[in-house]
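Fold and geometry: a report
Residues per chain, in single letters:
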Amino acid sequence: MATEQSRNTGQQSIPKVSLALQGGGSHGAFTWGVIDRLLESASQATPLDIAAISGASAGGINAALCAAGLATGGAAKAREMLRAFWEAVSRAGTRAGNALFGFSAPGPFGGWNIDWSPIAILMEAAGLVASPYDNPFYRDPLGPVIRSALFESDFATLNTSSSAPQVFISVTNVRTNQRAIFTQPELSVDVLRASACLPSEFRTVTIDGVPLWDGGYLGNPPLAPLIAHAQDLILILANPFVRRDMPPKNARGILDRLNEIGFNASVVLEINAIEAVNRVLDSVGAEAASKSRFKIVRFHIIRDDDFLAKFGFVSKSSTSWPLLETLFERGREVAGVWLRDHYAKVGRTSSPVDVKDTLLDPMLKQRNAPQAQQGS
C-alpha cells in the first residue's frame, strides 16, 4: 500500500519513516539511546515522522513506550517514558539482588564482557539443570517494571488513538514454532512480557491459551508489517552483525556468536526478501514499477558492531545502571552521527552504503547499485 513519504508542516517537509528495533535484553538500552536522540531531533533541524514501529523483546518494549509517549504527549513524553522504564529496570535489579549487578564497570574478567566471571559461569551451570518452574518463590519480574512506566491509560491511548504510530510486537508460538505479531488494539503488558520471555529466565506467558516465548527467535525485529506505512525503514541493531575477531576459539566465545547469529537470522532473511522485491522493481523500469502495489523500500541502518562486540552475552542480563547508561550514551552518540551524515538521504536513497555489503545475500549485491534504492 503506497503511503506519503513526508508530511508538510509549514515550510518544512518531514520525512515519514518506520522504526525496527532489535531486542537484546539490557543491551536494549543502546536502542533507547538511539531513539532518544532521534526524538530529540524532532525539535531541531532533523525531525522524523514516525509512522510505525516494530520490535521484539526489549525492542518491543522500547517500541510500545515510544509510541505511547508520542500519542500521549509527543517526543518529550516519549523520551520521559523510555527513561522511566530503564531506570525502573535498574532499580528492580537492585531490589531483587541481581547477581550480576556488581559488574558495573570494566573489571578483571575482560572489561565489559563478564562471560568469564565465576558468577556468570555458576548461573549458566545452574540453568542446565533448573528452570524457572523449579523455583517455588518465582514471581514475574518484568510485568511490574513495565507497569511502572506504561500505565493502563497509556495502553488505552496507544490502542485507540489515531495519532499513535502503528506498533508491531513479535512473539514466538511455542506450540507451532511460528511467529505471531500483536498490534493495536491488542497491545498489553502480557504481550510485552511474552515478547521478552526468554524461557531460561521467565515462565511461559500464555495469551488466549497460546504459550508464547521471546519474539526475537523468529522476528528480531519483524520488518514485513512496516512496509505498508513508510518506504523508509530505520533498523536499529542491538546485536553485532560483523565481528572482526572471528572465528571464536573458546567455548564462551562460540556460544556468544551462536547466540548473535541465531537472533540476527530472521532479520537477515527479511532484508533479503525485501531487497529481492526491490531488485525486481528496478528491473521492470520506473513506469511499470509505479503501477505495482509494491514499492521500493529504502533501508537505513543504525548500528555500532565494534562497540557492542565488547559486551558478552551475560551482560544482557545485568541491570547495572552504569552499564545501561554507557549503552544509552553510546546509542545517542551513534544516532547523532547518523543524523549528521545520513538524514538528508531519508526519502531519497538507502543509507549507509554498507547495507548491501554486510546484510544482504551475495547474489543480491550484483544488482545495479546506483539505481537500486531510488524511491518510486
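Residues numbered from 1 in each chain as written. Predicted model: local features only at pLDDT ≥ 70, side-chain atom pairs only at ≥ 80, totals over all residues. Heavy atoms only, no water.

Remarks on the overall build of the chain
A tally of helices and strands in the chain yields 12 helices and 9 strands. Within the chain, the fraction of its 376 residues that count as buried is 52%. Of the contacts formed within the chain by residues at least 6 apart in sequence, a portion of 76% connects residues at least 24 apart. For the chain, the exposed surface amounts to about 16,600 Å²; the carbon and sulfur share of it is 57%. (Helix = DSSP H or I, 4+ residues; strand = E, 2+ residues; numbered from the N terminus. Buried < 20%, exposed > 50% of the residue type's maximum accessible area, 1.4 Å probe, protein only. Contact = heavy atoms within 4.5 Å. Areas by Shrake-Rupley, 256 points an atom, 1.4 Å probe, with all protein chains shown as cover.)

Remarks on the nonpolar core
Leu38, Phe85, Leu150 and Leu158 are the most contacted members of the largest nonpolar core, which totals 70 residues. A total of 17 residues in this core trace back to one element, the largest contributor, which is helix α2 (residues 58-96). Apart from residues lying up to four places away in sequence, Leu158 is in contact with Ala64, Ala67, Ala68, Ala164, Val167, Gln184 and Leu187. Judged by nonpolar contacts, the second largest core, of 15 residues, contains Leu235, Ile271, Ile274 and Phe299. (Core = buried A, V, L, I, M, F, W, Y, C linked by side-chain atoms within 4.5 Å.)

Re the packing of aromatic side chains
Working definition: an aromatic ring pair is given by the centre-to-centre distance plus the angle between the planes. On inspection of all chains with the given rule, the structure shows 6 aromatic pairs. Centroid distance Trp32 to Trp321: 6.2 Å. Interplanar angle 45°. Geometry classified as tilted. Separated by 289 residues along the polypeptide, Trp32 in helix α1 (residues 28-40) and Trp321 in helix α10 (residues 321-342) bring together distant segments of the chain. Given a relative accessible area of 1%, Trp32 falls into the buried group. (Phe/Tyr/Trp six-rings, centres within 6.5 Å; stacked < 30°, edge-to-face > 60°.)

Notes on the pattern of salt bridges
If you walk through the whole model with that rule in mind, you get 18 salt bridges. Here Asp36 and Arg332 are joined by a salt bridge, their closest N and O atoms 2.6 Å apart. You can see Asp36 sitting in helix α1 and its partner Arg332 sitting in helix α10, a full 296 residues away along the chain. Residue Asp36 is classed as buried on the basis of its relative accessible area, which comes to 5%. The partner of Arg79 in a salt bridge is Glu40, with the nearest N and O atoms 3.5 Å apart. In this pair, Arg79 sits in helix α2 while Glu40 sits in helix α1, placing the two residues 39 residues apart along the sequence. For Arg79, a relative accessible area of 27% corresponds to the partly exposed category. Through salt bridges that share partners, Asp36, Arg37, Glu40, Arg79 and Arg332 make up one connected network. (Salt bridge = Lys/Arg side-chain N within 4 Å of Asp/Glu carboxyl O.)

Focus on α1
Residues spaced three or four apart along an α-helix face the same direction, because each turn holds 3.6 residues. For α1, which comprises 13 residues, the first-to-last C-alpha distance of 18 Å matches the rise-based estimate of 18 Å (1.5 Å per residue) to within 8%. Extensive coverage of α1 is indicated by the burial of 13 of its 13 residues. (Expected span 1.5 Å × (residues − 1).)

Comments concerning unusual backbone geometry
For the bond from Asn220 to Pro221, the omega torsion is -5°, close enough to zero to count as cis. For the bond from Met246 to Pro247, the omega torsion is 5°, close enough to zero to count as cis. Secondary-structure assignment places Pro247 in the loop between β8 (232-236) and α7 (251-284). Within the chain, Ser57 stands out as a residue other than glycine whose phi angle is a positive 60°.

A word on helix α5 (residues 152-160)
Turning to α5, its buried residues number three or more, namely Asp154, Phe155, Leu158 and Asn159. Viewed end-on, α5 has its buried residues packed into an arc of 125°, placing them on one side of the element. Opposite the buried face of α5, by more than 90 degrees, sit the exposed residues Glu152 and Thr160. (Arc of directions from axis to C-beta.)

Observations regarding the side chain of Glu270
Mapped onto the secondary structure, Glu270 falls in helix α7. Within the structure, Glu270 has its side chain in polar contact with the backbone nitrogen of Ala224 (distance 2.9 Å). The residues touching Glu270, leaving out its near neighbours within four places in the chain, are Arg179, Pro221, Pro222, Leu223 and Ala224. (Polar contact = N/O pair within 3.5 Å; in protein donor to acceptor, adjacent residues only side chain to side chain.)

Describing the environment of Ala68
Assignment of secondary structure puts Ala68 in helix α2. For Ala68, a relative accessible area of 0% puts it in the buried group.

Focus on the packing of α1 against α10
Remark: α1 packs on α10, axes separated minimally by 6 Å, with the N-to-C direction vectors making an angle of 45°. It follows that α1 is oblique to α10 by the angle criterion. Here α1 and α10 pass one another in a crossing that is right-handed. Where α1 abuts α10, its residues Ala29, Phe30, Trp32, Gly33, Val34, Asp36, Arg37, Leu38 and Glu40 lie against Trp321, Leu324, Leu327, Phe328, Arg330, Gly331, Arg332, Val334, Ala335, Gly336, Trp338 and Leu339. (Axes fitted to C-alpha atoms, helices over the stretch in contact; angles between N-to-C directions. Parallel < 35°, antiparallel > 145°, perpendicular 65-115°, else oblique. Left-handed = near helix turned anticlockwise from the far one by under 90°.)

As for a nonpolar patch on the surface
Residues Ile254, Leu255 and Leu258 make up a contiguous nonpolar surface patch of about 270 Å² in total accessible area. Structurally, Ile254 is set in helix α7. Its relative accessible area of 37% is what places Ile254 among the partly exposed residues. (Patch = residues over 30% accessible without salt bridge, like charges linked within 9 Å, V, L, I, M, F, W, Y side chains within 5 Å.)

Side note on the confidence of the model for the chain
Residues of the chain with pLDDT of at least 70 account for 79%, and the chain-wide mean is 84. In the predicted structure, residues 367-376 sits below a pLDDT of 50 and forms 33 contacts with residues beyond four places in sequence or in another chain. (pLDDT = per-residue confidence, 0-100.)

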